[in-house]
Structures are given as structure tokens and as C-alpha cells.
Amino acid sequence: MKTRRNTRSCSNSRKREEKNSETIPFDLVNEILTRLPVKSIARFRCLSKLCASTLNNPDFTESFFTISSSRPKLLVTCPKDGETFFFSSPKPRDSSPLVVNFHMSFSINHLCGICRPVCGFIYGFNSHTNLKGRTISKPLICNPSTGESWPLPRVKTNRTIITSFFGYDPINKEFKVLCMTKSKFGVFGEHQVLTFGTGKELSWRKIKCDMAHYPEVVDYEASGYPRPLYYGICINGVLYYLGRVHDDLDGFPDMVCFDIKFEKFSYIKKANGMKRNSGVNLQPTLVNHKGKIAKLQANIGPGSIRYTGIQLWVLEDAKKHQWSSYIYVVPPPWKNIIEETKLRFVGTSDTGDIVLSPCNISNSFYLLYYDPERNAIARVEIQGMEAFKSHKSYAFLDYAENIVKPKPTRKL
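One numbering rule holds for all chains: residues counted from 1, following each sequence as written. The predicted nature of this model means local features are confined to residues of pLDDT at least 70 and side-chain atom pairs, given and counted, to a pLDDT of 80 or more, with totals for whole chains, interfaces and linings taken over all residues. As a convention, hydrogens and water are excluded, and side-chain values are obtained from all of the structure's heavy atoms.

## Quick word on the packing of aromatic side chains
By convention here, two paired aromatic rings are described through the distance between centres and the angle between planes.
Working step 1: By convention, a stacked pair of Phe, Tyr or Trp rings (six-membered ring in the case of Trp) has centres within 6.5 Å and planes under 30 degrees apart, an edge-to-face pair has planes over 60 apart, and any other such pair is tilted. Scanning the model with the defined rule gives 15 aromatic pairs in all.
Working step 2: Here Phe 86 and Phe 106 contribute two aromatic rings whose centre-to-centre distance is 5.8 Å and whose plane-to-plane angle is 75°, an arrangement assigned as edge-to-face. Here Phe 106 lies in strand 4 (residues 101-106) and Phe 86 lies in strand 2 (residues 83-90), a separation of 20 residues in the sequence.
Working step 3: Throughout, exposure labels follow a simple rule: accessible area from a 1.4 Å probe, protein chains only, divided by the maximum for the residue type, with under 20% read as buried, over 50% as exposed, and the rest as partly exposed. You can call Phe 106 buried: its relative accessible area is 6%.
Working step 4: Every member of this aromatic cluster is reached through a ring pair, and the members are Phe 121, Tyr 123, Phe 125, Trp 150, Phe 166, Tyr 168, Phe 175 and Phe 196.
Working step 5: A cation sits over an aromatic face here: Lys 80 above Phe 388, 5.1 Å from the ring centre.
Working step 6: In this structure, Arg 379 packs its charged tip against the face of Tyr 366, placed 3.8 Å from the ring centre. Where helices and strands are cited, they refer to DSSP runs of H or I of at least four residues and of E of at least two residues respectively, numbered from the N terminus. Here, a charge over a ring means that NZ of Lys or CZ of Arg falls within 6 Å of the ring centre while also lying within 35 degrees of the ring normal.

Dropping the structure here:
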């Protein structure tokens, strides 16, 4: 009899608990998951099919990327021993030191070039030496946040020099690689495109280019893959890079535009006074300046190669080929430091600061934030990269982590 009472009591207790318990709304669960670190999401994907289905859902991955884009990070890459190491940290709010976190290393050869991050993904080349002693380079796309990488098919061409750019079409949500080839002493005449992340077979397609041009590139390495002299940048579905158009042989490149969705080429004429610097410290760099394509370069004194400041060119009207020019005279002693130290432009911040970094890691690695309005420079120390002393470094602003999982079907 007592047993029945106890059983009845336990049953009633469970019913009361079930009645009082409330399930967490699915939208709230998604909101919680979007706040998790990328590495945690990568681990949770392996827990069950339900977790994998939830975390791979396009609505969830898009929400995660939207939140990540609203709080972008600083990404730093360092090549060492045939590998490229990736670090990131929150963007600095003041001049306090930053500590970077190590993500992953990939077999990416910086000598073959590495494109800027595009929606969290990076395009580069994996190089290795075959049994005949020949260097073989194969393209790949990687995601430093998740540690994933996807090898791509090699470009089928008889030409020897290849230059590539990486971009994203926000309308169709497609990543594309633009490849241009030429003979060693000829002009660029072959253009191919590879679409990535659609689930379709990965293959290169030849496209038509009615605008004779060739991008500015440095001398190609033994691999046959040169680095663009001015790295391209993708803004709102348009890929920009500097190149010589038609029969323009004055040595100063125009701005080439490639519409990623429609795969069409156009160009914007260079402004009067926009020249290619040579023999100076800071090399010109294309940047995203408050949503507009812009070019940073060292301001050179008339008739000399001596550095006198920083010049910022901002494209105001692409159809009318109108540019605005801003010249900033950096205050001493920073002027001497910038002139004597081998630096590179990183970009511009949300507030309009011009950001620079050393080309190589010495005793420390740092970023310089130049405020044009105050004519002042702040130095931000970057900690956590002491093991990479004397190695090259590349910093990228506004890195947004992405957890989308492209599904290429081609087996390489």
C-alpha cells in the first residue's frame, strides 16, 4: 500500500515538474549560439546531426556573420618555414597593448601572393617541390577561424605567369577567383574565373575581356606566380586593382574594376598627380576608406624621392572619374621614424585614421594609427608573436569571422 502511494506521489511530482518546465524558444537558442566563439561552434557541429544541421543552417550562418561584421577583428599573418600563421585580436580602442590569439597555420606560400580576406576567407597558393625538383603551386581557399581549407584545381594554361584576385558577390552570395595569364614577354590576354562555394563542380571558365589591360605585378618567382604590385580589394561586389589600360604607357596605372556578378571589366582614369612611387619606403595600397575605394601612397617632394608625408586619394564619382586628394604632413619625430623604418600601409579605420605596420617583426610588432584631424600618431603594441622575430608580417583590418561551410563537389 505504501508502495502505491510512493509511486503515485513520484508520478504526480514528475507531472508538476513537466508542467512547470518551459522549453527555450528556438530563436533564443540561435541568439545564444551566435555569441559563441568560432572554435566552440566548430566543436558543437560534431556533437550530433541536429547540432550540425542547426549550425550549418544558412539563416544561422548569415546571422553569425552579420554579428561578426559588426565587431570586426584585426588579422595578422606571418610566413615561416613554408607555412603561413594566422593571428587575430579585437580591434584596439586606445593605445593599450593588444594580445593576439593564434588561429591556425596553412601551407600558403607568400612568395606566390596572398589575397586580402574576403568575408572571412583567404585565397593563396600551396607550393611544394616534386621529385624532379620543380616547384608546383596549387591554389587554395582557407578559413583561418575554423581551420578549414579547400584545394582548388590548377588553372589549365600554357602561359607561364599567373596573377589572381579574390572577391565576393553579395547578391548571389558567391566567391569568385579572377585569374589572368600571359606569356613571359607578352601582355595579359587570357582571363579565367572560378566560382567557389555553390556546391557545383569546381572548374575554371574562360571569360571575355574587351578592355586590353594588364595589372601591375612584381617580378614573378620561380613558381611562376607573381604578386600583384598593388593588391586588389573587393568592395560591394566590385573588385578593384591597379593596371595599365589600353596603350597607356606612361607608367602610372589606372583603376581597373571587375564586376563580380556580371563578370564585366571597366576602368577609372587616374587623377592628375596620381603616380606610382618607386624607390621610397611606403608602397601605394588600395584601401576601403569609409565605404569608398581609395589609394594610400607616400607623398614625394618635387624632383626627388624623399618622403614628405602621406597622400590619400578617394574616389568620389566613378562615372565622372573624379578623385579627391588629401595630403598630410606627419609630425616629427614620427616623420623620421616612418621614413627610416620599412613600413607598409594597412588601411584606414572606421574613424578615418591611417594605419601602418612594419614589414618585418623586430623586437616587437606594432601598429601606427595616424589621426589626420589631430595630426597625431598612436603606437599600439601587438603581443604574442615573439617567436616570429625577423619574419615578415601582414596585417588586415576589419576581419569578420565566417562559419559558413562551402560544399565544393570536385574531388582533387
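## Regarding the sheet that holds strand 3 (residues 98-99)
Working step 1: Two strands qualify as a pair provided that DSSP identifies no fewer than 2 bridges between them. Across the sheet, which stays open at both edges, the five strands sit in the order 3-24-23-22-21 with mixed pairing between neighbours. Both edges of this open sheet fall to strand 3 and strand 21 (343-348), since each of them pairs with a single strand only.
Working step 2: Taken together, the five bridges between strand 21 and strand 22 (residues 354-358) define a ladder with antiparallel strand orientation. In the sheet register, Leu 343 faces strand 22, and the bridge partner there is Pro 358.

## Some thoughts on the pairing of strand 22
Working step 1: With five of five residues buried, strand 22 lies mostly within the body of the structure.
Working step 2: Along strand 22, one buried face is formed by Ile 354, Leu 356 and Pro 358 and the opposite face, lined by Val 355 and Ser 357, is buried too.
Working step 3: Hairpin connection, strand 21 to strand 22: the antiparallel pair is bridged by five residues, and Gly 352 has positive phi, about 95°.
Working step 4: When strand 22 meets strand 23 (residues 365-371), the two strands line up antiparallel, connected through three bridges. When the sheet's bridge partners are listed, Ile 354 is paired in strand 23 with Tyr 370.
Working step 5: The hairpin turn running from strand 22 into strand 23, its antiparallel successor, is six residues long.

## Considerations on helix 5 (residues 58-70)
Working step 1: One fewer than the residue count of a helix, multiplied by 1.5 Å, yields its expected span. Its 13 residues place the ends of helix 5 18 Å apart at the C-alpha level, agreeing with the 18 Å of an ideal helix rising 1.5 Å per residue.
Working step 2: Those residues of helix 5 that sit buried are Phe 60, Thr 61, Phe 64, Ile 67 and Ser 68. For helix 5, the angular spread of buried residues about the axis comes to 125°, placing them on one side. Exposed side chains of helix 5 directed beyond 90 degrees from the buried face belong to Pro 58, Asp 59, Thr 66 and Ser 70.
Working step 3: We call two residues in contact when some of their heavy atoms are within 4.5 Å. Those residues of helix 5 that are buried are in contact with helix 2 (26-33), helix 3 (38-44) and helix 4 (49-55).
Working step 4: With a side-chain oxygen positioned 2.8 Å from the backbone nitrogen of Asp 59, the residue opening helix 5 is Asn 57. By definition, the arc is the one covered by directions from the helix axis to the C-beta atoms. The term polar contact refers here to a pair of N or O atoms within 3.5 Å; inside protein, the definition further demands a hydrogen-donor-capable atom paired with an acceptor-capable atom, and it admits residues adjacent in sequence only when both atoms are side-chain atoms.

## Considerations on the environment of Asp 371
Working step 1: Following the sequence through the fold, Asp 371 ends up in strand 23.
Working step 2: When its relative accessible area of 15% is taken as the criterion, Asp 371 is described as buried.
Working step 3: Along the sequence, Asp 371 and Val 355 sit 16 residues apart, while their C-alpha atoms lie 9.0 Å from each other.
Working step 4: Each residue touching Asp 371, except ones within four places of it in the same chain, is listed here: Asp 353 and Ala 376.

## Thoughts on the nonpolar core
Working step 1: In plain words, nonpolar cores are sets of buried Ala, Val, Leu, Ile, Met, Phe, Trp, Tyr and Cys residues tied together by side-chain atoms within 4.5 Å. Leu 282, Ile 338, Ile 354 and Leu 368 are the most contacted members of the largest nonpolar core, which has 21 residues in total.
Working step 2: Of all elements in the fold, only strand 18 (292-300), strand 19 (307-317), helix 6 (334-340), strand 21, strand 22 and strand 23 reach the threshold of two or more residues within this core.
Working step 3: If one sorts the elements of this core by residue count, strand 19 sits on top with four residues.
Working step 4: In this structure, Leu 368 is in contact with Trp 334, Ile 338, Leu 343, Ile 354, Val 355, Leu 356, Ile 377, Ala 378 and Arg 379, ignoring residues within four places of it in sequence.
Working step 5: Ranked by size, the runner-up nonpolar core spans 19 residues in total, among them Phe 87, Phe 365, Tyr 369 and Val 380.

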